[in-house]
Amino acid sequence: FFKKRHYKFCLKAHMVITHLRLTGTKYACGRGGCGACTVMVSKRDPTSQEIRHFSVTTCLVPICSLYGAAVTTVEGVGSMKTRLHPVQERIAKSHGTQCGFCTPGMVMSMYTLLRNHPQPSEEQLLEALGGNLCRCTGYRPILASGKTFCLVSRGLRGHPQSKNDGDRRSSLGTQESQLFVKEEFQPLDPTQELIFPPELLRMTENPEKRTLTFHGERVTWISPGTFKDLLELKAKHPEAPLILGNTSLGPAMRSKGCLHPILLSPARISELNVVSKTNDGLTIGAGCSLAQVKDILAERVSELPEEKTQTYRALLKHLKSLASQQIRNMASLGGHIISRHSYSDLNPILAVGNATLNLTSEEGTRRIPLSEHFLAGLASADLKPEEILESVYIPHSQKWEFVSAFRQAQCQQNALPDVNAGMRVLFKEGTDIIEDLSITYGGVGAATVSAHKSCQQLLGRQWDELMLDEACRRLLDEVSLPGWAPGGRVEFKRTLVVSFFFKFYLQVLQELKKLIKPRRYPEISDRFLSALEDFPGTVPQGVQRYQSVDSHQPLQDPVGRPVMHLSGLKHATGEAEFCDDIPMVDKELCMALVTSTRAYAKIISIDLSEALEIPGVVDVITAKDIPGTNGTEDDKLLAVDEVLCVGQIIFAVVAETDVQAKRAIEKIKITYEELEPIIFTIKDAIKHNSFLCPEKKLEQGNIEEAFEKVDQIVEGEVHVGGQEHFYMETQRVLVIPKTEDKELDIYVSTQDPAHVQKTVSSTLNIPINRITCHVKRVGGGFGGKIGRPAVFGAIAAVGALKTGHPIRLVLDREDDMLITGGRHPLFGKYKVGFMNNGRIKALDIECFINGGCTLDDSELVTEFLILKLENAYKIRNLRFRGRACLTNLPSNTAFRGFGFPQGTLVTESCITAVAAKCGLPPEKVREKNMYRTVDKTIYKQAFNPESLIRCWNECLDASSFHNRRKQVEEFNKKNYWKKRGIAVIPMKFSVGFAATSYHQAAALVHIYTDGSVLVTHGGNELGQGIHTKMLQVASRELKIPMSHLHICETSTAMVPNTIATAASVGADINGKAVQNACQILLKRLEPIIKKNPEGTWEEWIEAAFEQRISLSATGYFRGYKAFMDWEKGEGDPFPYYVYGAACSEVEIDCLTGAHKKIRTDIVMDACCSLNPAIDIGQIEGAFIQGMGLYTTEELKYSPEGVLYSRGPDEYKIPTISDVPEEFNVSLLPSSQTPLTIYSSKGLGESGMFLGSSVFFAITDAVAAARKERDIAEDFTVKSPATPEWVRMACADRFTEMVYICPLPLEPPSHPTPWAIFK
Ligand SMILES: Cc1cc2nc3c(=O)[nH]c(=O)nc-3n(C[C@H](O)[C@H](O)[C@H](O)COP(=O)(O)OP(=O)(O)OC[C@H]3O[C@@H](n4cnc5c(N)ncnc54)[C@H](O)[C@@H]3O)c2cc1C
Ligand code: FES
Ligand code: FES
């Protein structure tokens, strides 16, 4: 790399990898938080001479840091052209890829693990994959593929060793549970792996001692070869930071714009990696990575007696959950300590463990304590600018000393902590008198905070309840967190401060009991000991069941079989090409977007002068450059005069490179004049009567009369937060203008290419027929790539027209999250009237959704919400009303489930509330009110709920629900601080668009003279496997193997006027169109086949060509005639329903709000699945995404309406460790749906809502805790049920203490940040 001038300026490894056209290494966050850019780095250790292989995220790896290292990307592991690696083969064949954008990163994490451990344990596998996010699969199949390498595997396939399964007879008939055949996999042969390059080996044998200097455009990288040179350089450039893992410097340089002109890299200095063990402690070199520190500590713990390793074990506990494997491989101990992040997981423990820092400079060496003053950054306690941290000394603990670590984050793995703590107590020998006490907290201030004063005041006290009470009061007083603290969650954090101390108190008490004889401690009842255990990371297991194909079905017919995703292997090798993988085209320019920083304001002036002077900047595209229409009056592509939300696009900068375009943006000055009223929340919108469209309403029976006749009435409120799509591939488009007739080729990541084409046409004022949109594949859409890609396509097209150059626009994660909007937050009010036996007689629900600043799909979402609110229940007297609020937030849009997951949470919460009032279990109230026989919905559409009932019963049976309900109750009686909850939820989900024109599709099938067939249809491959299913259909119809068939892309030139691939009906409607085209072709071939029945396919095709029979046909499907009359409240809006049921069990920690998912069983009515592997994948993926919506995914805004949560570090989508410990999915067979292709059902969206079973299991557990604590059982339901919500809902003496010790008053200039559900 370094020889080529071109690369001198590329600081990050991923940029070099991209320049080398190694497109397998993906880029999805740029912050080390998603794992998409994972590669393996191999280095030879100069001391041990061993070669170390470790995974890293290249978006944070400076290219210069790789001097002397070998980098293996996914392309180096194996390819379709040469040989597939077993990891690649197995992840694809186990159905572990959907959109495939995360797959190369997954492959690299797994590959690196296998290079170090060819037969890893399941726990090692889980740890290795913990830093790789996948938004599609729900992780289960990825784990299943990895488990095939494990020495002992409990399987995610085959019958699970269920703890609670008992004797169960399935009513599901002939079923299979094999989604892949393990025996077919090629074995892993570690001897066949790439060797460490000999030239690099030679380099380490003869290490370069010279100082190496790399000059970049703005930064100089200096890498000394000796310790002496390093110290000299530090003396010469005291302001220059040392760069080790770059996991702290890198993100700061990126997000805060810090620029360091000189960086000193001590990567070659072996003195920083020295580890020395003494009788009283351990000294670890500051250059050791956190992964190495973990190994060193683990080794020491295994060598020393327990009493000496208290601090080491506390550090190890946090090292397991700190960041991801990749970050732990990169980040250094020195970098971690010196960064002094307030959330640091290690500093609080090192501080209480009396660690000291060994500093060195040219002047000599000295030691400073890692004290509260050092952590607060006090100059007197800090490093001098010319000093470096050489090593860290951590003393052994001693007898009568106890050290513990605590941590609570939004989720268990790969999440920064909300609060963490290190606590140490030393007792006077043989007593329980406190001799020394140290407590430090992270996450509660600008730095790690020590509760020094409180600790001093408790010296000499006995370790008893009185001390506990006093300590809590003192801690709350000393660790005071202002109400306006950044990030909010203030009461929660304060509660954790004391809850952690309580846990510590109990832990130590247990130890004292063992040590002090005679025992004079009252026994702690077992019920209270549940406070002590943390939730261990458990490797999920489970089984997937589906209907076997008919034994008479020809082997060659793939319909109904678990066929691998067509692109699976290409995903795994990185050869699958996504939009941004298209090589740079001649004269291509990059575009970046300038967005509003104000929520509602007039644009007074724009100063572009400095921006235009930046080298490489070509032009600025404003609304004035649009030759056609600038969006609509209420929803402009580019803002004119006024902005309506933070993140609204105002104009775009075009430059030679992406970096130049972004630099230019920083120089643009816009002045605004704030306008009023600024409205963010639903409640504000209601107050200001600010709505996007008229109210939607459905009513049946006589609700008022019914309310008068019921035994009881309950009213309540439900808040459901919004959700970010977080597709792994952000929005992107490449527009290539052609030389003739204003033609444009547009390569775009979209669910709706025809919409992009139409929007570009109206924006440029050119006919649609000049514009061709191409979609090869999309790295996840979930509804977020229906409307928005047209905006980006149109702006890029204006840039292409104005400059005459091809334009590439790729949004980075922050901009994508800021600009695009997501799922509508909802506020629902209900009033329900019911009899004491749980029968609901009247239900009145009013919902408001936050639509943001433009209409987008909000009216449609409101309609769907209202249509679907009744879910599975037959209630005679109903009134549903819904409105979309106009606010100053980015416009919310379509998202998997389209209103159903939010709305139905209100209905189900209402059922739970009724159950609580009647003293009945919620499942009884659900059963009592469920549709039972052929009936009509609230909008008078007739349907048969037989499959709904079957799913429900099967789910109760499969999950052994009733037994487990009793076990949960037993558990709860025995445990005070941990509670379990269980819930089973039924679902009736309507698919389709509720509009006739959307129920049509077309396909184009060409047969070529060699017999190969090209299939094109109107659907887009988003990861949901639509192309695979279409070829299964074509294979059955043409009676030829799938290997004869091919799909190249979706193109508006091949199939025009397509419908967005959405609403779960993509495969239904396009499948029918493909079937139609194939049947037309087969009909034409019939005479030839009849004449030569023994002939081959190729012979028939040759004969047909000779006889001038057309071998190309368009197929068309004129689908369901949907209608809805909103005046009358009647219609037939949906072609069919998908039924399902899910049962989930969880355990919560009442002291921290954390939960673990014990088990989930899903039964789904897929009718005759076209491809059970794909359909189960859709159900699991949607379920996990739903679980994210209802438990961890929380959008937070600044008081000014700026989205805080703009990346994987602040916005937590589920990770692999969030999969339920036991996760079973069954497809209900043998039902019929005449309207769809081969009686299959579309399962793209429905699984999302089943994630709510986890939510209701959590609320069930919270209710159990509240009941025991004698607190009102009816509490306001709020989704997501984050640890914060759970902890505060399980109110106890500690939450009370927090309210008693009030917060400092909130200054009006610093109001608290707020969550989107408000
Ligand atoms: C995605 C992600 C997730 C994370 N999650 C967590 C988490 O859950 N918990 C947690 O605690 N942390 C977390 N972190 C933070 C991480 O622990 C730190 O960024 C990391 O330890 C810093 O080490 P580094 O080697 O990368 O430092 P660098 O970024 O290389 O350097 C950081 C600073 O340390 C200075 N420095 C480094 N070494 C020395 C030395 N020997 N002498 C003097 N100065 C030195 C540098 O000058 C620089 O100012 C996360 C980070 C990322 C990117
Ligand atoms: S892109 Fe590197 S970790 Fe996300
Ligand atoms: S397959 Fe993992 S993100 Fe799409």
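Residues numbered from 1 in each chain as written. Chains lettered and ligands numbered in written order. Predicted model: local features only at pLDDT ≥ 70, side-chain atom pairs only at ≥ 80, totals over all residues. Heavy atoms only, no water.

(A) Inspection of the UniProt feature "binding site: substrate" (unreviewed entry) in the protein chain at higher detail. Following the UniProt record, one finds the feature "binding site: substrate" (unreviewed entry) at F898. On the secondary structure map, F898 appears in the loop between strand 32 (877-886) and helix 29 (900-918). Here F898 is in contact with R823, D857, L860, V861, F864, L865 and E1245, once residues within four sequence places are set aside. (UniProt positions renumbered as here; feature names shortened; annotations may be inferred. Helix = DSSP H or I, 4+ residues; strand = E, 2+ residues; numbered from the N terminus. Contact = heavy atoms within 4.5 Å.)

(B) Looking closely at unusual backbone geometry. For the bond from E676 to P677, the omega torsion is -5°, close enough to zero to count as cis. Along the chain, P677 turns up in the loop between strand 23 (669-674) and helix 23 (682-687). In this structure, the amide linkage connecting S1279 to the following residue, P1280, adopts the cis form with an omega of 5°. A positive phi is found at W400, a non-glycine position, where the angle reads about 70°. Looking at the element boundaries, W400 is found in the loop between strand 12 (388-395) and strand 13 (401-409).

(C) Looking closely at the site of ligand 1. Around ligand 1, the structure places 33 residues, and the nearest of them are L244, T247, L249, S332 and D345. G245 has a polar backbone atom sitting 2.9 Å from an oxygen atom of ligand 1. One of the backbone N or O atoms of L249 is found 2.8 Å from an oxygen atom in ligand 1. When ligand 1 sits alone it has 980 Å² of accessible area, and the protein chains cover 92% of it. Considering each element in turn, the shell around ligand 1 owes the most residues, 5 residues, to helix 13 (residues 333-339). Residues that form the shell around ligand 1 fall into these classes: 19 nonpolar, 11 polar and 3 charged. (Near = heavy atom within 4 Å. Polar contact = N/O pair within 3.5 Å; in protein donor to acceptor, adjacent residues only side chain to side chain. Areas by Shrake-Rupley, 256 points an atom, 1.4 Å probe, with all protein chains shown as cover. Nonpolar A, V, L, I, M, F, W, Y, C, P; charged D, E, K, R; others polar.)

(D) Main features of a negative patch on the surface. Judged by side-chain charge, D1010, E1098, E1099, E1102 and E1106 come together as a negatively charged surface patch. Locating E1106 in the fold gives a position in helix 35 (residues 1097-1106). (Patch = residues over 30% accessible without salt bridge, like charges linked within 9 Å, V, L, I, M, F, W, Y side chains within 5 Å. Salt bridge = Lys/Arg side-chain N within 4 Å of Asp/Glu carboxyl O. Lys, Arg positive; Asp, Glu negative; His and termini not counted. Charge placed at Lys NZ, Arg CZ, Asp CG, Glu CD.)

(E) The packing of aromatic side chains, seen in detail. Applying the stated criterion to the full structure yields 31 aromatic pairs. With centroids separated by 5.1 Å and ring planes inclined at 70°, the aromatic side chains of F900 and F1249 adopt a geometry described as edge-to-face. Of the two residues, F900 is situated in helix 29 and F1249 in helix 37 (residues 1247-1250); the sequence distance between them amounts to 349 residues. Each member of the pair, F900 together with F1249, is buried. Measuring from ring centre to ring centre gives 5.2 Å for F1255 and F1256, while their planes differ by 90°; the resulting arrangement is edge-to-face. (Phe/Tyr/Trp six-rings, centres within 6.5 Å; stacked < 30°, edge-to-face > 60°. Buried < 20%, exposed > 50% of the residue type's maximum accessible area, 1.4 Å probe, protein only.)

(F) Inspection of the pairing of strand 19 (residues 601-607) at higher detail. In this sheet, strand 21 (residues 642-643) lies alongside strand 19 in antiparallel orientation, the contact comprising 2 bridges. For A601, the partnering residue across the bridge sits in strand 21 and is V643. Bridge count between strand 19 and strand 23: 6 bridges; the pairing is antiparallel. Considered in strand 23, the bridge of D607 is made with K669. (Pairing = 2+ DSSP bridges.)

(G) Summary view of the side chain of T1236. Relative to the helices and strands, T1236 is located in the loop between strand 46 (1222-1228) and helix 37. A polar side-chain atom of T1236 sits 2.5 Å from the main-chain carbonyl oxygen of S1240. Residues within four places of T1236 in sequence aside, it is in contact with D1068, K1072 and Y1136.

(H) Structural view of the nonpolar core. Of all hydrophobic cores here, the largest spans 225 residues; its most connected members are Y441, W463 and F501. Here the element with the most residues in this core is helix 18 (residues 490-515); it accounts for 14 residues. (Core = buried A, V, L, I, M, F, W, Y, C linked by side-chain atoms within 4.5 Å.)

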